[in-house]
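Residue-level listing of the chains:
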Amino acid sequence: MTGSIAAYKTATLVRLLVKAGAEVQVLMTPEATGFITPLTLSTLSRRPALHALEEEGSWNNHVALGRWADIMLIAPASANTLAKMAAGLCDNLLLAVYLSAACPVMIAPAMDEDMWHHPATARNVRLLREAGHLLLPVEAGELASGLVGEGRMSEPEHITGQLENYFKEAGALKGKTALVTAGPTYEPIDPVRFIGNHSSGKMGIAIADELAARGAAVELVLGPSGETPGAGVRVTRVKTAAEMWEACLRLFRGADITVMAAAVADYRPAAPADKKIKKEAGPLQLSLEKTGDILRELGSLKRARQFLVGFALETDDEEIHALKKLKEKNLDLIVLNSLRDAGAGFTHDTNKVTLFTADGQKRALPLKTKQEVAADVVRVIEEALAGH
């Protein structure tokens, strides 16, 4: 735990973990001891709460501690500690154990809303996700500043639930191979211009990370995007729809699960110029041709053991279009989201989706983070595979 007013929740968290049968070793930053005493946490955890590399002439072996745990939970994780973790700094016992940890790391951030939304914090969170760590969503409510907004640490009951789900689900897809696509494609007009879209790749990357977290060997075909997946995902980077087509057909044969989350261009310039087109009087006319329909092609090649997921981003008659795509492209599941839903679609960190399965099931989900949506989608895939 780190120095945050949310530290008062850790007494309840430790009690819940011990009650659930966990062996709990509390590590505190020096600042954390100002919010809750080591004695309180030692009593609840039934182990000394450690807060220094050296105590009473004895060395706390950070390497041994990093190898002892099945999971390292940092709760609350202050903005300062997130920054130090992202930078690889090591100036206290908690960070020394973090850098020595041979286990998964779960992080429950806690800070004021302005700090949570600061670009520096967003960058640090992205780096920690890219390292393969599990970031729990912050909650909204009253903050220590007196303001109301995002930044509250997830409640102890929610954290213990996430831990239970993690250990229940980790390895559930071991032995399975997954292919995921994410991001946009860029279709060149000339050497400096292209036709593209606003896809960030966040949703597809979240699904790739979730599949990897559950034990699958994941191949991600990623279009132009500033986002990157966790360490357990193998990435093939592409730019155009043709390059994505080639990569997907090469990888699809060996995939047990395929999730086509990329926003692939439907049209491309028929004859891209080999030099920059100069501005001249009058309009510029472009002749466009259709790109290959990757999802339809994979649906036609799909074998009985393969599970194929498509995405539908619609602006009108959403359900009609999604169900038509589900049937015509031989999908097992389609994920529908509408640009008319606030907080859903391109660039957002949240999404609101409805899931339709080939056997007629419909699940409408509320607005959630894209990591939470990814967990829901993968859970449906797992359920379907278990029933095969």
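About the criteria used
Residues take numbers from 1 onward in each chain, read along the sequence in its written order. With pLDDT at 70 or above as the cut-off, local features in this predicted model cover only qualifying residues; side-chain atom pairs require 80 or more to be listed or tallied, and sums for whole chains, interfaces and linings still use all residues. Side-chain metrics rest on all non-hydrogen atoms present in the structure, leaving aside hydrogens and water. A side-chain nitrogen of Lys or Arg and a carboxyl oxygen of Asp or Glu constitute a salt bridge if their distance falls within 4 Å. Under the scheme used here, helices are H or I runs from DSSP no shorter than 4 residues and strands are E runs no shorter than 2 residues, and both carry numbers assigned from the N terminus. Only protein chains enter the accessibility calculation, which uses a 1.4 Å probe. A residue is then buried if its area is under 20% of the maximum for its type, exposed if over 50%, and partly exposed in between. Residue contacts follow a heavy-atom distance rule, with two residues in contact if any of their heavy atoms lie within 4.5 Å. Whenever a nitrogen or oxygen atom comes within 3.5 Å of another N or O atom, the pair is scored as a polar contact, on the condition that within protein one atom can donate a hydrogen and the other can accept it, and that pairs from neighbouring residues in sequence are kept only if both atoms are in side chains. Multiplying 1.5 Å by the residue count of a helix minus one yields the expected span of that helix. Note that the arc is defined by the directions from the helix axis to the C-beta atoms. Only strands joined by at least two bridges in the DSSP assignment are considered to pair. The convention used is that axes are lines fitted to C-alpha atoms, helices contributing only their stretch in contact, and that angles between N-to-C directions extend from 0 to 180 degrees. Put simply, two rings from Phe, Tyr or Trp (the six-membered ring, in Trp's case) pair if the centres are within 6.5 Å, and we call them stacked under 30 degrees between planes, edge-to-face over 60, tilted for the rest. Oblique is the label for any angle not covered by the other classes, which are roughly parallel (under 35 degrees), roughly antiparallel (over 145) and roughly perpendicular (65 to 115). Working rule for handedness: look at the near helix, and if it is turned counterclockwise from the far one by less than a right angle, call the crossing left-handed; if clockwise, right-handed.

J.: Residue-level account of the pattern of salt bridges, with values.
T.: Pairing between side chains of opposite charge can happen when the charged atoms of each approach one another. Taken as a whole and assessed by the stated rule, the structure comprises 19 salt bridges. Linking Lys9 and Glu155 is a salt bridge whose minimum nitrogen-to-oxygen distance equals 2.9 Å. On the criterion of sequence distance, the pair formed by Lys9 in the segment before helix H1 (10–19) and Glu155 in the loop between strand S7 (148–152) and helix H8 (156–169) is long-range, its members being 146 residues apart. Its relative accessible area of 4% is what places Lys9 among the buried residues. Taking relative accessible area as the criterion, Glu155 reaches 22% and is therefore assigned partly exposed. A salt bridge links Asp293 to Lys329; its shortest N-O distance comes to 2.9 Å. Residue Asp293 is located in the loop between strand S15 (288–290) and helix H11 (294–301), and its partner Lys329 is located in the loop between helix H12 (318–328) and strand S17 (333–338); the two are separated by 36 residues in the primary sequence. Taking the relative accessible area as the measure of exposure, Lys329 reaches 13% and is therefore buried. Members of the salt-bridge network, linked through shared partners, are Asp293, Arg296, Glu328 and Lys329.

J.: Quick one: what's the story with helix H5 (residues 93–100), residue by residue and with numbers?
T.: Counted residue by residue, H5 has seven buried out of eight residues, so it is predominantly covered. Of the positions making up H5, those classed as buried are Leu93, Leu94, Leu95, Ala96, Val97, Tyr98 and Ser100. Those residues of H5 that are buried are in contact with helix H3 (62–68), strand S3 (72–77), helix H4 (79–87), strand S4 (105–109) and helix H7 (119–130). One side-chain oxygen at the N-terminal end of H5 lies 3.2 Å from the backbone nitrogen of Leu94; it belongs to Asn92.

J.: Would you mind going over H7 in detail, with residue names and values included?
T.: A rise of 1.5 Å per residue sets the reference length of H7, with its twelve residues, at 16 Å; its end C-alpha atoms lie 16 Å apart and thus fit the reference within 8%. Thr121, Asn124, Val125 and Leu128 are the residues of H7 that are buried. Angularly, the buried residues of H7 cover 100° about the axis, an arc narrow enough to put them on a single face. In the core, the buried residues of H7 are packed alongside H4, H5, S4, helix H6 (113–116) and strand S5 (134–135). Positive phi shows up at Gly132, right after H7, with a value of about 95°.

J.: Let's hear about the sheet that holds strand S8 (residues 177–182): which residues, and what values?
T.: Spatial ordering of the open sheet is given by S12-S11-S8-S13-S16-S17-S19-S20, a layout of eight strands whose pairing is mixed. The open sheet has two edge strands, strand S12 (233–237) and strand S20 (362–364), and neither has a second partner. Along the sheet, successive strands turn relative to each other by an average axial angle of 15°, direction set aside. Here helix H9 (residues 202–213) sits on the sheet in contact with S8, strand S11 (217–222), S12, strand S13 (257–260) and strand S16 (307–314), set at roughly 165° to S8.

J.: I'd like to hear about the packing of aromatic side chains, residue by residue, with values.
T.: How two aromatic rings sit relative to each other is set out by the distance from centre to centre and by the angle between their planes. Inspection of the entire model under this criterion finds two aromatic pairs. Relative to Phe167, the ring of Tyr166 lies with its centre 5.2 Å away and its plane at 80°, an arrangement referred to as edge-to-face. For Phe167, a relative accessible area of 45% corresponds to the partly exposed category.

J.: How would you summarise the packing of H4 against H7 if you had to cite specific residues and measurements?
T.: Axis separation between H4 and H7 bottoms out at 9 Å; the angle between their running directions is 50°. The angle between H4 and H7 places the two elements in the oblique class. In this structure, H4 crosses over H7, and the sense of that crossing is left-handed. Contacts from Ala79, Leu82, Ala83, Met85 and Ala86 in H4 reach Thr121, Asn124, Val125, Leu127 and Leu128 in H7.

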